[in-house]
Amino acid sequence: GMTDDAAIPMDGVATAEEAAQERLKEIHRVAMKRWMASDEFERPDREIAAEGLKFAAGGAGQWPDGMAQLREKDGRPMLTINRLAASIKQVGNDARQNRPGIKIVPADVGEGADEKLAKAKADIYEGIVRQIESKSNAQHVYMPAYEMIVRGGFRGSWRVNTRYCDEDSFDQEIVLEPILSPFAVYRDPDSKQVDHSDDTYCFVCEDMSVAAYKAKFPDEGEDSWETNDVASLVQYGWKTIDT
């Protein structure tokens, strides 16, 4: 397994540092294999969702590919009456009026004292959850994910994370954090549950400018980006001129 300590030969051929590097390479190999499996599985849905987002935005997005350039070249008008905007707004307003939130359901323990205790505990947990949602400004976390479903028919995502309460404390608090790009999240293609609760792994990707990368990793040169044995970095979007 990836978490097992790598064996270090007793003959001194490999040092502990070399063994650690081999462990990292194996972790990277497995991670890339998993990411490519997820990318291959989700790519058709992502392409359809991207088309849906363009169409929902109106304008040239509701015309066939290339039609805008042809009509502009010929000096012909290209009017678009976006009839989706009102429907999307209506669905979004309904969600805002009936705000999504986390509901704590007491355990089914039967009648009597146990039932009262379970409900009391559920009320306490629900109060804690409400505080977390309030402090995280949860509606600004939930709604972008919901609107992505409406506009593109593709799942929205957010994080449940922890952070230190302040710089001088070891205490941590639970927070909800948005993931601004729905296409940044790659899920386990072998998941069977609709809510992906049985995922064995998940990737959250983020583009970083070359300048920011060099500032954050000053000891890592661009030559450290070795091409994978299955796909090139450029083909799969891991590296561009600017990012």
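Located above this text is the structure these notes cover.
Residues numbered from 1 in each chain as written. Predicted model: local features only at pLDDT ≥ 70, side-chain atom pairs only at ≥ 80, totals over all residues. Heavy atoms only, no water.

Caption draft 1: Examining the overall build of the chain more closely. Scanning the chain from terminus to terminus reveals 6 helices and 4 strands. Reading the chain from its N end, one meets helices and strands in the order α-α-α-α-α-β-β-β-β-α. Taking all 243 residues of the chain together, the buried fraction comes to 22%. Sequence-distant contacts, at least 24 apart, represent 50% of the contacts inside the chain between residues at least 6 apart. Per element, the accessible surface of the chain, about 18200 Å² overall, is 54% carbon and sulfur. (Helix = DSSP H or I, 4+ residues; strand = E, 2+ residues; numbered from the N terminus. Buried < 20%, exposed > 50% of the residue type's maximum accessible area, 1.4 Å probe, protein only. Contact = heavy atoms within 4.5 Å. Areas by Shrake-Rupley, 256 points an atom, 1.4 Å probe, with all protein chains shown as cover.)

Caption draft 2: How the structure looks around helix α5 (residues 139–152). The first and last C-alpha atoms of α5 sit 20 Å apart over 14 residues, in line with the 20 Å expected at 1.5 Å per residue. Taken as a whole, α5 has its buried residues at Q139, V141, Y142, M143, A145, M148 and G152. Of the residues trailing α5, G153 is marked for its positive phi of about 65°. (Expected span 1.5 Å × (residues − 1).)

Caption draft 3: Representation of a nonpolar patch on the surface. Together, I124, Y125 and I128 make up an exposed nonpolar region whose accessible area comes to about 320 Å². Tracing the backbone shows I128 in helix α4 (residues 113–135). In this structure I128 comes out as partly exposed when scored by relative accessible area, which is 40%. (Patch = residues over 30% accessible without salt bridge, like charges linked within 9 Å, V, L, I, M, F, W, Y side chains within 5 Å. Salt bridge = Lys/Arg side-chain N within 4 Å of Asp/Glu carboxyl O.)

Caption draft 4: Molecular detail of the pattern of salt bridges. On inspection of all chains with the given rule, the structure shows 14 salt bridges. Linking R163 and E173 is a salt bridge whose minimum nitrogen-to-oxygen distance equals 3.1 Å. One end of the pair, R163, is in strand β1 (residues 158–164); the other, E173, is in strand β2 (residues 172–178), and 10 residues separate them in sequence. R163 gets classed as partly exposed once you look at its relative accessible area, which sits at 38%. Among the charged side chains, a salt-bridge network with shared partners connects K103, E126, R130 and E133.

Caption draft 5: Just the packing of aromatic side chains, in detail. Tallied over the entire structure, the rule returns 5 aromatic pairs. For the pair Y201 and F203, a centre-to-centre distance of 5.7 Å together with 65° between the ring planes defines the contact as edge-to-face. Pair check on accessibility: Y201 and F203 agree, each one buried. Relative to F217, the ring of Y213 has its centre 5.2 Å away and its plane inclined at 50°; by these criteria the two rings are tilted. With relative accessibility at 17%, the residue Y213 sits in the buried group. You can call F217 partly exposed: its relative accessible area is 34%. Lying over the aromatic face of Y186, R46 brings its terminal NZ or CZ to 3.8 Å of the ring centre. (Phe/Tyr/Trp six-rings, centres within 6.5 Å; stacked < 30°, edge-to-face > 60°. Lys NZ or Arg CZ within 6 Å of the ring centre and 35° of its normal.)

Caption draft 6: Structural detail: the environment of G101. The residue G101 is located in the loop between α3 (84–97) and α4 in this model. Considering only alpha carbons, one finds G101 and V129, 28 residues apart in sequence, at a separation of 9.1 Å. Setting aside chain neighbours within four positions, we find G101 in contact with E133 and Y142.

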